[in-house]
Amino acid sequence: MTESIPYVVTLGTAGGPRWWSDHRGEPRAGIATAVVVDDSWYLVDCGYGAGRQANRAGLSMADLRGVFVTHLHSDHVVDLPALLLFGAFELKDSVPEAIPVIGPGDRGKLPPLSSRAMRTPEPIAPAQPTPGVRGLIDGLLAAYATDANDRIFDSLAKSPADQFRAEEIAIPDECGFDPDGRVAPPMEPIVVHVDECVTVSAILVSHHPTAPAFAYRFDTAAGSVTISGDTAPCDNLVRLATDTDLLLHEAINLDSLARQYTDAEMLQATMDHHRRAHTTPLQAGEIAARAGARHLALHHLVPSYDAPEVWERAGETYSGPFSVPDDLAIIPFGRSADVAPASAAARS
C-alpha cells in the first residue's frame with residue numbers, strides 16, 4: 001500500500017480582530033489551519049470563515065477528528081459558534097463519539113492593567129472574566145440556546161453539546177507557570193491527543209498577557225507539522241519544533257501595524273502588546289533555523305495587506321525552503337513530499 005502524504009490546508013492566513021485583505025485587495029480569511037492525515041483532518045484555530053473555508057476545501061465534518069485552540073483571542077475562535085451549530089447540524093449521526101475541542105483553561109484572574117491606562121475599566125462578565133475553552137463552549141451554547149433547542153426539539157437535530165467535548169490542557173505544576181510573570185517557563189511538550197493517525201503535543205508559548213497560550217505539533221508516520229500559534233520568540237517553540245518537517249509560524253510587521261490606530265492611548269498600549277507578544281519575519285526565520293525545520297511557512301499575517309517582500313525577509317535568517325501561502329493553499333509535510341508547495345506563494 002502506498003503511504004499517503006499528509007498536508008495542511010491554510011484555511012485562513014490573516015491574524016488580528018479585523019476583516020483583512022491581502023496586498024491585492026482580495027479578502028483573507030481569519031487564522032485557521034487544517035491538518036489532513038489519510039481520511040481524517042484536524043482543525044487548529046477557528047478564525048473568521050473557518051467553517052466555510054473547510055467546506056470550500058472539500059473537508060467533510062464527518063472526517064473532523066479534533067479541534068485545537070492555541071489561545072482564546074477572538075481572531076482564533078470567532079467562527080467556533082458556527083462550527084458548533086452548523087457543524088452539528090451537518091454531522092447528524094455520522095460521528096460515533098464527541099469531537100474533542102482542546103485548548104487552554106481559565107487564566108484564573110484578569111490580566112494586569114496597562115501602564116498606559118488613565119482609568120480602570122469595567123471587566124466584561126466579572127463573575128467569570130477569563131473562561132477557558134470549556135467555559136467558552138458552555139457560554140456559546142447558552143447564548144445560542146434558543147436556536148439550539150428549537151432545532152433539537154422541533155427538528156430532532158443532535159445537540160452540539162453531545163457532538164463536541166471541551167478538553168482543557170492541564171499544565172504540570174512543576175513547570176512554574178504563572179499567567180502574569182512566567183507565561184512560557186521552560187518545559188517539555190505535553191501530549192494532548194493520540195489516535196491512529198496522529199500524536200499531538202502542546203507547549204506553552206509567550207503571548208503575554210494572554211496565558212496560557214499553546215503551540216501544537218502533529219506527528220504522523222510520514223512526517224510532522226508544528227503550528228506556533230501567537231507568540232514572541234520563544235525557546236519552548238524551538239524545543240517543540242526541533243527537526244519538524246513544516247513550521248507554520250505567525251508574523252507581524254510592527255511599522256505598518258502602528259498606522260492602523262488613531263487613538264493615542266490605544267496605539268501606545270496595543271503596540272506595547274505587539275512588541276512583546278508577536279514575532280517579526282526575521283525572528284521567525286531565526287526560530288526555524290534554530291529548530292532545524294525542513295520548511296518554514298508564514299501565516300497569521302498582521303497586517304495581511306503588506307507587500308510580499310515584507311514577509312520574505314524571513315529568508316534573510318532562514319536558508320531552507322520558505323513560503324508565504326495564500327488562503328486555501330495546500331502544503332505537504334510528509335518527509336517524501338516536495339517541500340516547495342505548488343499551491344502556495346513560494347520564494348523564487
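Residues numbered from 1 in each chain as written. Predicted model: local features only at pLDDT ≥ 70, side-chain atom pairs only at ≥ 80, totals over all residues. Heavy atoms only, no water.

> Please set out the overall build of the protein residue by residue, giving values where relevant.
Helix and strand counts for the protein stand at 11 helices and 15 strands. Each of the three principal axes of the protein carries a C-alpha extent, and together these read 65 × 60 × 45 Å. The burial tally for the protein puts 53% of its 348 residues in the buried class. In the protein, the share of contacts with a sequence separation of at least 24, taken over all contacts with a separation of at least 6, comes to 68%. Charge-centre separation for the protein: the mean point of 26 positive side chains lies 4 Å from the mean point of 46 negative side chains. (Helix = DSSP H or I, 4+ residues; strand = E, 2+ residues; numbered from the N terminus. Buried < 20%, exposed > 50% of the residue type's maximum accessible area, 1.4 Å probe, protein only. Contact = heavy atoms within 4.5 Å. Lys, Arg positive; Asp, Glu negative; His and termini not counted. Charge placed at Lys NZ, Arg CZ, Asp CG, Glu CD.)

> If you had to explain the pairing of strand E11 (residues 246–252) to someone new, which residues and values would you point to?
Within E11, seven of the seven residues are buried, which leaves it mostly tucked inside the rest of the structure. Burial of E11 is two-sided: the residues Leu246, Leu248, Glu250 and Ile252 facing one way and the residues Leu247, His249 and Ala251 facing the other way are all buried. Both strand E10 (residues 224–227) and E11 contribute to a ladder of three bridges, which runs parallel. Within E11, the residue paired with threonine 226 across the bridge is leucine 247. (Pairing = 2+ DSSP bridges.)

> If you had to explain the side chain of threonine 130 to someone new, which residues and values would you point to?
Checked against the element boundaries, threonine 130 lands in the loop between strand E5 (99–103) and helix H4 (133–143). Here glycine 108 takes part through its backbone nitrogen, which lies 3.5 Å from a polar atom of the side chain of threonine 130. The contacts of threonine 130, once residues within four sequence positions are left out, are Asp106, Arg107, Gly108, Lys109 and Leu110. (Polar contact = N/O pair within 3.5 Å; in protein donor to acceptor, adjacent residues only side chain to side chain.)

> How would you sum up helix H3 (residues 80–91)? Please name residues and give values.
Here H3 has its buried residues at Leu80, Pro81, Leu83, Leu84, Leu85, Gly87, Ala88 and Leu91. Trailing H3 by a residue or two, lysine 92 shows a phi angle of about 50°, which is positive.

> Lay out the nonpolar core with the relevant residues and their values.
Core analysis: the biggest nonpolar cluster contains 51 residues, and Val35, Phe68, Val192, Tyr216, Phe218 and Leu298 have the highest contact counts within it. Aside from chain neighbours lying at most four places away, what touches phenylalanine 68 is Tyr42, Leu43, Val44, Asp45, Ile102, Val192, His193, Val200, Tyr216 and Phe218. Counting 29 residues, the second largest nonpolar core, distinct from the first, contains Leu64, Val77, Leu80 and Leu83. (Core = buried A, V, L, I, M, F, W, Y, C linked by side-chain atoms within 4.5 Å.)

> So, the packing of H3 against H4: which residues are in play, and what are the values?
Orientation of H3 relative to H4, taken along the N-to-C sense of each, is 60°, at an axis distance of 10 Å. Relative to H4, H3 is oriented oblique. Crossing handedness for the pair H3 and H4: right-handed. On H4, the residues touching Leu80, Pro81 and Leu84 of H3 are Leu136, Ile137, Leu140 and Leu141. Here the contact of H3 with H4 is built from residues that sort into seven nonpolar, no polar and no charged. (Axes fitted to C-alpha atoms, helices over the stretch in contact; angles between N-to-C directions. Parallel < 35°, antiparallel > 145°, perpendicular 65-115°, else oblique. Left-handed = near helix turned anticlockwise from the far one by under 90°. Nonpolar A, V, L, I, M, F, W, Y, C, P; charged D, E, K, R; others polar.)

> Tell me about the sheet that holds strand E4 (residues 64–68), residues and numbers included.
Two modes of strand pairing occur in sheets, parallel and antiparallel, and in both the strands are linked by backbone hydrogen bonds. Read across the sheet, seven strands follow the order E6-E5-E4-E3-E2-E1-E14 without closing on themselves; strand pairing throughout is mixed. Looking at strand neighbours, the two that pair on one side only are strand E6 (164–168) and strand E14 (329–332), the edges of this open sheet. Along the sheet, successive strands turn relative to each other by an average axial angle of 20°, direction set aside. Inspection of the sheet shows strand E3 (residues 40–44) paired to E4 by four bridges, in the parallel sense.

> I'd like a description of the pattern of salt bridges, backed by residues and values.
Counted according to the given criterion, the structure contains 14 salt bridges. In this structure, the salt-bridge partner of aspartate 180 is lysine 109, at a minimum N-O distance of 3.0 Å. Here the residue aspartate 180 occupies a position in the loop between E6 and strand E7 (190–194), and lysine 109 occupies one in the loop between E5 and H4, the gap between them amounting to 71 residues. Assessed through its relative accessible area of 26%, aspartate 180 is described here as partly exposed. Exposure remark for lysine 109: the relative accessible area of 37% places this residue in the partly exposed category. Here arginine 165 makes a salt bridge to glutamate 167, at a shortest N to O gap of 2.6 Å. Overall, arginine 165 belongs to the partly exposed group, its relative accessible area being 35%. Through salt bridges with shared partners, a single network forms among Asp22, Arg24, Arg28 and Asp326. (Salt bridge = Lys/Arg side-chain N within 4 Å of Asp/Glu carboxyl O.)

> Give me the lowdown on unusual backbone geometry, citing residues and values where you can.
Proline 209 follows histidine 208 through a cis peptide bond whose omega is 5°. Relative to the helices and strands, proline 209 resides in the loop between strand E8 (199–204) and strand E9 (214–219). Note that the residue after alanine 211, namely proline 212, is joined by a cis bond; omega there is 0°. When you line up the elements, proline 212 lands in the loop between E8 and E9.

> Explain the pairing of strand E2 (residues 32–37) residue by residue, including any values.
The element E2 is largely enclosed, with a buried count of six among its six residues. Burial of the side chains of E2 extends over both faces: Ala32, Ala34 and Val36 are buried on one face and Thr33, Val35 and Val37 on the other. For strand E1 (residues 7–12) and E2, the ladder comprises four bridges, and the chain directions are antiparallel. Looking across to E2, one finds that glycine 12 is bridged to alanine 32. Counted along the chain from E2 to the antiparallel partner E3, the turn is two residues long, and its residue aspartate 38 has a positive phi close to 55°.

> An account of the confidence of the model for the protein is needed here, citing residue identities and associated values.
Per-residue confidence for the protein gives a mean pLDDT of 91, with 92% of residues at or over 70. Under a pLDDT of 50 for its full length, residues 339–348 has, in the predicted model, 24 contacts with residues more than four places off or in other chains. (pLDDT = per-residue confidence, 0-100.)

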